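Chain and residue survey
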Amino acid sequence: RIYVEASVGKVTDVKLEYSKMLQITFNQAMDETTLINPETKELLNSAVLITPEKVNGVAASDPGTLKGYLSEDKTVLSIESTNIFDGTYSVLVSDKVKTGSGAFVESYYEQKTLKDTVGPSLKQIAVDETGTTCIVTFTEPVDISRLVVKNPEKTDKTVIYSGTAMFTDASKYVLSEDKR
């Protein structure tokens with residue numbers, strides 16, 4: 001007989017990616033069905049719990065509904081909240097979670113202080129194949145509900161005289177589904 005023992009899954013990192021996204025990194029690919037409800041994408045309560053704590057009389061904000069997404073290689077669980085993470089939270093990954101090879105993960109618990117101190121930044125600018133649409137990508141979701149565009153200018157800093165309305169009309173700016 002030959003016995004092959006699957007290696008134990010472990011949490012290797014927990015970090016705040018931005019104000020509404022926490023990422024948990026594992027040492028190997030995970031079984032998505034033990035982490036996330038496939039229909040709603042909500043985290044399974046038996047798998048991952050993120051609980052707001054009260055530290056020195058200051059309560060952490062309620063993160064709201066938590067949805068999970070595994071990276072393509074299934075090693076990073078991105079947890080998106082409907083509200084911002086702000087304060088100290090208990091992060092628990094249960095030993096009921098399984099790796100892609102079927103082994104259970106080692107239970108993980110840590111109190112983490114989560115606060116986003118870095119705003120969105122410009123990630124990429126591209127022009128579509130027509131040459132008439134500019135695609136601006138940010139590092140995290142942005143809110144353009146109060147967008148005002150003033151004094152557009154060319155890269156050489158000269159003012160655009162004709163067609164300025166095309167650039168200053170805020171209704172011409174449309175966010176992608178992920179708001180990035």
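One can find the structure itself at the top, above this paragraph.
The sections below set out a description of the structure shown in this document. Worth saying up front: this structure is predicted, and the values here are computed from it rather than measured. Each chain has its residues counted from 1, following the order in which its sequence is written. With pLDDT at 70 or above as the cut-off, local features in this predicted model cover only qualifying residues; side-chain atom pairs require 80 or more to be listed or tallied, and sums for whole chains, interfaces and linings still use all residues. The side-chain figures draw on all heavy atoms in the structure; neither hydrogens nor water molecules are used.

Topic: the overall build of the protein chain
Summing up its helical and strand segments, the protein chain has 1 helix and 11 strands in all. Along the chain direction, N to C, the helices and strands of the protein chain fall in the order β-β-β-β-β-β-β-β-β-β-β-α. Carbon and sulfur atoms make up 51% of the accessible area of the protein chain, which totals about 12,100 Å². Helix and strand assignments come from DSSP, with helices taken as H or I runs of at least 4 residues and strands as E runs of at least 2, each series counted from the N terminus. Per-residue and other accessible areas follow the Shrake-Rupley method at a 1.4 Å probe size, with only the shown protein chains counted as cover for residues.

Focus on the packing of aromatic side chains
Think of a pair of aromatic rings as described by two things: how far the centres are apart, and how the planes are tilted against each other in angle. Any two rings among Phe, Tyr and Trp, with Trp reduced to its six-membered ring, count as a pair given centres within 6.5 Å; such a pair is stacked if its planes are under 30 degrees apart, edge-to-face if over 60, and tilted if neither. Enumeration over the complete set of coordinates arrives at 1 aromatic pair. Arranged with centres 5.5 Å apart and planes meeting at 85°, the rings of F85 and Y89 form a pair that is edge-to-face.

Looking at the sheet that holds strand β8 (residues 86-93)
At least two bridges found by DSSP between two strands are what make those strands a pair. As summarised here, the arrangement of the 3 strands in space is β3-β8-β9, forming an open sheet in which the pairing is antiparallel. Of all the strands in the sheet, just β3 (48-52) and β9 (108-115) have a single pairing partner and so form its edges. Pairs of neighbouring strands in the sheet enclose a mean axial angle of 25°, with direction left out of account. Pairing of β3 with β8, which is carried by 5 bridges, proceeds in the antiparallel orientation. The residue bridging P52 from the neighbouring strand is Y89, located in β8. Helix axes are fitted to C-alpha atoms over the stretch in contact, other axes to C-alpha atoms as well, and angles between N-to-C directions run from 0 to 180 degrees.

Some thoughts on the side chain of K112
Tracing the backbone shows K112 in strand β9. A 1.4 Å probe rolled over the protein chains alone gives each residue an accessible area, and that area as a share of the maximum for its type sets the label: buried under 20%, exposed over 50%, partly exposed in between. None of His or the chain ends enter the tally, which takes Lys and Arg as positive and Asp and Glu as negative. Any Lys or Arg side-chain nitrogen located within 4 Å of an Asp or Glu carboxyl oxygen qualifies as a salt bridge. The buried charged residue K112 lacks any salt bridge partner; its closest oppositely charged side chain belongs to E110, at an N-O distance of 4.2 Å. A polar atom in the side chain of K112 sits 3.0 Å from the backbone oxygen of V14. Here, residues are in contact when the closest pair of their heavy atoms is within 4.5 Å. Ignoring anything within four residues of it in the chain, the contact list for K112 reads V14, G87, T88, Y89 and V91. We define a polar contact as two N or O atoms separated by no more than 3.5 Å, with the added condition that, inside protein, one atom must be a possible hydrogen donor and the other a possible acceptor, whereas residues neighbouring each other in sequence contribute only through side-chain atom pairs.

Observations regarding the pattern of salt bridges
For the coordinates displayed, the defined rule picks out 4 salt bridges. Note that K41 is salt-bridged to E32, the shortest N-O span being 3.8 Å. Among the residues examined, E32 registers a relative accessible area of 26% and is labelled partly exposed. With its nearest N and O atoms 3.4 Å apart, the salt bridge here joins K115 to D86. In this pair, K115 is assigned in strand β9 and D86 in strand β8, connecting sequence segments 29 residues apart. Using a relative accessible area of 27% as the deciding quantity, one classes D86 as partly exposed. Bridged by salt links that share partners, the residues E32, K41 and K74 form one connected network.

Considerations on the side chain of Q28
Mapping Q28 onto the fold places it in the loop between β2 (21-26) and β3. Given the relative accessible area of 14%, Q28 is considered buried. Among the polar contacts listed, one links the side chain of Q28 to the backbone oxygen of V8, at a separation of 3.1 Å. With residues near it in sequence (within four places) discarded, Q28 still touches S7, V8, G9, K74, T75, T99 and S101.

Here's the deal with the environment of P120
Note on placement: P120 falls in the loop between β9 and β10 (122-127). For P120 and S19, which are 101 residues apart along the polypeptide, the C-alpha to C-alpha distance reads 10.0 Å. In contact with P120, other than residues within four places in its own chain, are T139, E140, P141 and V142.

Considerations on the environment of E53
With respect to the helices, strands and loops of the structure, E53 is situated in the loop between β3 and β4 (54-55). Along the sequence, E53 and K112 sit 59 residues apart, while their C-alpha atoms lie 9.6 Å from each other. Once you skip the residues sitting within four places of it in the chain, E53 turns out to touch V58, A59, A60, T88, Y89, S90 and Q111. Here the side chain of E53 touches S90 through a polar contact of 2.6 Å, side chain to side chain.

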